[in-house]
Amino acid sequence: MRRIRTRIGALGVALLATVPLSLTAPAAAAAPADVTVEEGRLSQAAPQEILRRSGFDAAEREFGRGLARVTTYEQARRYVADEGRALWRRAVDRAQGRGPDGGDLSRDDDRPLYWARLGMTKQLRQWQPDFGLTESARRALLGSLERGARGQDSIELPAGRHILRIVVTGFDPFQLDADARRSNPSGAAALALDGTTVRTASGQQARIETAVFPVRWADFADGTVERTLLPHFRSGPRQADLFTTVSQGRPGRFDVERTNGAWRGGYPDNARDSRTETVPIPAGVPTVRPQPQWTTTSLPYARIVAAGTGPFPVADHTEVTEIPAGGTGPVVRPDGPTPGSTARAGGGGDYLSNEIAYRATLLRDAVRPGLPGGHLHTPVLEFGPGNTDPANGQVTDPVFVQNRVAITGQVRAIVTVAASQTAAARGARGARG
């Protein structure tokens, strides 16, 4: 999930040519007072078609009917948590070929989950039960629904040394004011990989558990990343052996991001909110003091780049933007930050993909510095030729589906390479011990 910076070289020109991104928020109508900006987009034709063609169009209505039968807050708490997890499981099952497809939309599509979840949060936000509901209680229910419907509270890693444990995260679609048809291949990969196993080069099994995160600055400041990952980063019988955060990046290539920066660049999020500041660390979570300007991947980037994991090239991306020690303005550094510099963009830019990488690796450094992990940027998911205009384009096409499936397959292959290296390193430590 990259934001285009004002310094545009040949790659930047290509990016502008192929993806309709903007440095300023696109003009858009305001959402009604009783819905969020994201929920306000639900009434557009593209989201409605996506929901209808996937069979997820009834989720909002059915959730509202269930809410109407709730008579106490405790019932509401259980119902909302259960329905959130059920929506996530339904989306995972659909992506992995279980149960009815619900329509003619490709099973690998991440968008039905996104739009159905918004329909459910809208119902919950507007619900007026007879027993009364304080705003703080409503916020708690909304948080529970979000966590459940994103897979954040259902990461279940197995115990035992016979299996590796891997956590992979993705993101919601974004830049939807420009094109509400957009999908995010990192979210699609999360749905396709959740609960699956891969086999390392040595033959060891590795279990993958996934979650999806919102494209909202406020949620990150409130600690959604740390709250989700910390239980699996701590040492214990079910601790993760490897993690990778994933987001959409450049056209035509994967990037393993070498360095992450402690800076928010202000590009508007899905709520049309903008934040330009040092990445804020929530109170009460383990962290490194003083807060570092940079964190570094511990993924085996050289092996990943050399592995030949699929149709897209994979780069070891080392560029950052910094204010050098003693300097006053930003400087682009192709080979990473210099000592004492202040971050202005990590390898993954200055948007939420860089931020999730920074937060996850900072948390790693605070609780388990030896845990392999980092960030992977996927290629941009593009519509096929003749289907690039959101005003009259189709919500899907064969090229769009083919590219998303290919990206998901290559994410799986890259994770397998990283798992193989992790297994080999663990085996070497065991032999020495």
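Residues numbered from 1 in each chain as written. Predicted model: local features only at pLDDT ≥ 70, side-chain atom pairs only at ≥ 80, totals over all residues. Heavy atoms only, no water.

(A) Summary view of the overall build of the chain. Across its full length, the chain carries 13 helices and 14 strands. Relative to the compact-globule value of 22 Å for 433 residues, the chain shows a C-alpha radius of gyration of 21 Å, a close match. Across its three principal directions, the C-alpha atoms of the chain cover 60 × 50 × 45 Å. A buried classification covers 55% of the 433 residues belonging to the chain. Long-range pairs, those at least 24 residues apart, make up 77% of the contacts in the chain between residues at least 6 apart in sequence. (Helix = DSSP H or I, 4+ residues; strand = E, 2+ residues; numbered from the N terminus. Rg over C-alpha atoms; globule rule 2.2 N^0.38 Å. Buried < 20%, exposed > 50% of the residue type's maximum accessible area, 1.4 Å probe, protein only. Contact = heavy atoms within 4.5 Å.)

(B) Here's a closer look at the pattern of salt bridges. Considering all chains together, one arrives at 36 salt bridges under this definition. For Asp194, the salt bridge goes to Arg89, with nearest N and O atoms at 3.3 Å. Separated by 105 residues along the polypeptide, Asp194 in the loop between α8 (185–193) and β2 (197–199) and Arg89 in helix α5 (residues 73–95) bring together distant segments of the chain. With a closest N to O distance of 2.9 Å, Glu209 and Arg207 form a salt bridge. If you follow the salt bridges from partner to partner, you end up with Glu38, Arg117, Glu146, Arg150, Asp172, Arg216 and Asp219 in one network. (Salt bridge = Lys/Arg side-chain N within 4 Å of Asp/Glu carboxyl O.)

(C) Geometry of the sheet that holds strand β11 (residues 320–323). Pairing within the open sheet is antiparallel, and its 3 strands lie in the order β12-β11-β13. Strand pairing shows two members of the sheet lacking a second neighbour, β12 (331–333) and β13 (342–345), which therefore form its edges. Neighbour to neighbour, the strand axes of the sheet diverge by 40° on average, direction disregarded. (Pairing = 2+ DSSP bridges. Axes fitted to C-alpha atoms, helices over the stretch in contact; angles between N-to-C directions.)

(D) Focus on the layout of surface pockets. The volume enclosed by the largest pocket comes to roughly 600 Å³. What lines the largest pocket is a set of 24 residues, and nearest its centre among them are Leu142, Gly143, Glu146, Arg216 and Asp219. Taken together, the elements giving at least two residues each to the lining of the largest pocket come down to α2 (37–40), α6 (111–126), α7 (135–149), α9 (217–221) and α10 (224–233). Looking at the lining of the largest pocket, the element that brings in the most residues is α7, giving 7 residues. Per-class residue counts for the lining of the largest pocket are 6 nonpolar, 5 polar and 13 charged. (1 Å grid on protein atoms, 1.4 Å probe; cavity = no way out; pocket = protein on both sides within 12 Å on 5 of 7 lines; lining within 4 Å. Points joined across faces, edges and corners; volume = space filled by probe spheres on them. Nonpolar A, V, L, I, M, F, W, Y, C, P; charged D, E, K, R; others polar.)

(E) Here's a closer look at the pairing of strand β3 (residues 205–213). Of all the 9 residues making up β3, 7 are buried; the element is thus mostly covered by neighbouring parts of the structure. Note: strand β1 (residues 163–171) against β3, 9 bridges, orientation parallel. Bridging across to β3, Gly170 finds its partner in Val212. The antiparallel pairing of β2 with β3 creates a hairpin that spans 5 residues between the two strands, and Gly203 there sits at a positive phi of about 95°.

(F) Summary view of the nonpolar core. Phe63, Val80, Trp115, Leu124 and Trp127 are the most contacted members of the largest nonpolar core, which totals 38 residues. Secondary structure elements with two or more residues in this core: α3 (45–52), α4 (59–68), α5, α6, α7 and α8. Setting aside residues no more than four positions away along its own chain, Trp127 makes contact with Leu67, Ala68, Val70, Ala76, Leu133, Arg138 and Leu141. (Core = buried A, V, L, I, M, F, W, Y, C linked by side-chain atoms within 4.5 Å.)

(G) Region of interest: the packing of α5 against α6. Viewed as axis vectors pointing N to C, α5 and α6 meet at an angle of 165°, and their least axial separation amounts to 10 Å. Taken together, α5 and α6 sit at an angle that is classed as roughly antiparallel. Between α5 and α6 lies a crossing of right-handed hand. From α5, Val80, Glu83, Leu87, Trp88 and Ala91 reach across to α6, where they touch Leu113, Ala116, Arg117, Met120 and Leu124. Taken together, the residues of the contact of α5 with α6 break down into 8 nonpolar, no polar and 2 charged. (Parallel < 35°, antiparallel > 145°, perpendicular 65-115°, else oblique. Left-handed = near helix turned anticlockwise from the far one by under 90°.)

(H) Focus on the packing of aromatic side chains. By the definition in use, this model includes 11 aromatic pairs. For the ring pair Phe171 and Phe220, a centre distance of 6.0 Å and an interplane angle of 10° mean the geometry is stacked. You can see Phe171 sitting in strand β1 and its partner Phe220 sitting in helix α9, a full 49 residues away along the chain. For the pair shown, Phe171 and Phe220 are each scored as buried. Ring geometry for Trp217 versus Tyr351: centroids 5.5 Å apart, planes at 75°, classification edge-to-face. Of the two residues, Trp217 is situated in helix α9 and Tyr351 in the loop between β13 and α12 (352–367); the sequence distance between them amounts to 134 residues. A residue is classified by how much of its surface remains accessible, and Trp217, at 0% relative accessible area, is buried. Of the residues examined, Tyr351 reaches a relative accessible area of 1% and is grouped as buried. Taken together, the aromatic side chains of Phe174, Trp217, Tyr267 and Tyr351 make up a single cluster linked through ring pairs. A cation over a ring is seen here: Arg90 above Phe56, with NZ or CZ 4.1 Å from the ring centre. For the cation-ring pair, Arg258 lies above Tyr301, with the distance from its terminal atom to the ring centre recorded as 3.9 Å. (Phe/Tyr/Trp six-rings, centres within 6.5 Å; stacked < 30°, edge-to-face > 60°. Lys NZ or Arg CZ within 6 Å of the ring centre and 35° of its normal.)

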